[in-house]
Amino acid sequence: QVQLVESGGGLVQAGGSLRLSCAASVRTFSDYAMGWFRQAPGKEREFVAGIRWSDGFTLYTDPVKGRFTISRDNAKNTIYLQMNSLQPEATAVYYCVVRSPSTYVYTDPALYHYWGQGTQVTVSS
């Protein structure tokens with residue numbers, strides 16, 4: 001069983017920045033993927049960014065490219081999502097996810113095995 005502990009959400013004005021963190025208790029000798037999804041009110045859950053643990057390969061959804069950065073800290077088994085130039089449309093609950101084992105970063109939420117409790121990000125205009 002993998003446990004995910006998220007932190008870093010909050011309220012920010014448009015144009016501001018936030019950094020989300022997710023610490024994971026993943027214990028495996030296989031490769032795995034971690035990432036972030038988000039869900040806004042009345043909308044489906046959508047992929048934001050993901051990272052492959054072995055080599056740091058990253059994948060982003062087009063709307064966040066150039067503004068969001070996903071990274072990992074191997075020693076802490078933690079991933080981060082640095083979000084810059086935030087706009088109101090980024091308002092959502094952000095979920096940390098793990099797919100283990102995995103050799104690829106998928107964008108389909110159904111392919112992820114473990115989900116965090118979610119952290120609220122609100123961007124005011």
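None of the values given here were measured: they were computed from a predicted structure. (Residues numbered from 1 in each chain as written. Predicted model: local features only at pLDDT ≥ 70, side-chain atom pairs only at ≥ 80, totals over all residues. Heavy atoms only, no water.)

Enquirer: How do you make sense of the state of the cysteines when you look at a structure like this?
Expert: Per the counting criterion, the structure on display carries one disulfide. A disulfide bridge connects Cys22 with Cys96, and the sulfur atoms are separated by 2.0 Å. Judged by the torsion about the S-S bond (-80°), the Cys22/Cys96 disulfide is left-handed. With Cys22 in strand 3 (residues 18-24) and Cys96 in strand 9 (residues 92-99), this residue pair connects regions lying 74 residues apart in the sequence. For the pair Cys22 and Cys96, one class covers both residues: buried. (Disulfide = S-S within 2.5 Å. Helix = DSSP H or I, 4+ residues; strand = E, 2+ residues; numbered from the N terminus. Buried < 20%, exposed > 50% of the residue type's maximum accessible area, 1.4 Å probe, protein only.)

Enquirer: Looking at this structure, how should I read the nonpolar core?
Expert: Considering soluble globular proteins, one finds that nonpolar side chains tend to be buried as a cluster. By size, the foremost hydrophobic cluster in this structure holds 31 residues, and its most contacted members are Met34, Trp36, Ile79, Leu81, Met83 and Tyr94. The set of elements that each furnish at least two residues to this core consists of strand 3, strand 4 (33-39), strand 5 (46-52), strand 7 (68-73), strand 8 (78-83), strand 9 and strand 11 (119-124). Beyond its immediate stretch of four places on either side in the chain, Met34 contacts Leu4, Cys22, Ala24, Gly50, Ile51, Trp53, Ile70, Ile79, Cys96, Val97 and Val98. (Core = buried A, V, L, I, M, F, W, Y, C linked by side-chain atoms within 4.5 Å. Contact = heavy atoms within 4.5 Å.)

Enquirer: Help me out: how do you make sense of unusual backbone geometry in this one?
Expert: For residues that are not glycine, phi is negative in most cases, and the peptide bond is trans in most cases. Between Ser100 and the following residue, Pro101, the backbone shows a cis peptide bond with an omega angle of 0°. Along the polypeptide, Pro101 turns up in the loop between strand 9 and strand 10 (114-115). The phi angle at Asn77 is positive, at roughly 50°, despite the residue not being glycine. Position of Asn77 relative to the elements: it lies in the loop between strand 7 and strand 8. Positioned with a positive phi, Ser85 is a non-glycine residue whose angle comes to about 50°.

Enquirer: Sorry if this is basic, but what is going on with the environment of Ser125 here?
Expert: Tracing the chain through its elements places Ser125 in the segment after strand 11. For Ser125 and Gln3, which are 122 residues apart along the polypeptide, the C-alpha to C-alpha distance reads 34 Å.

Worth remembering: the numbers are spatial, not functional.
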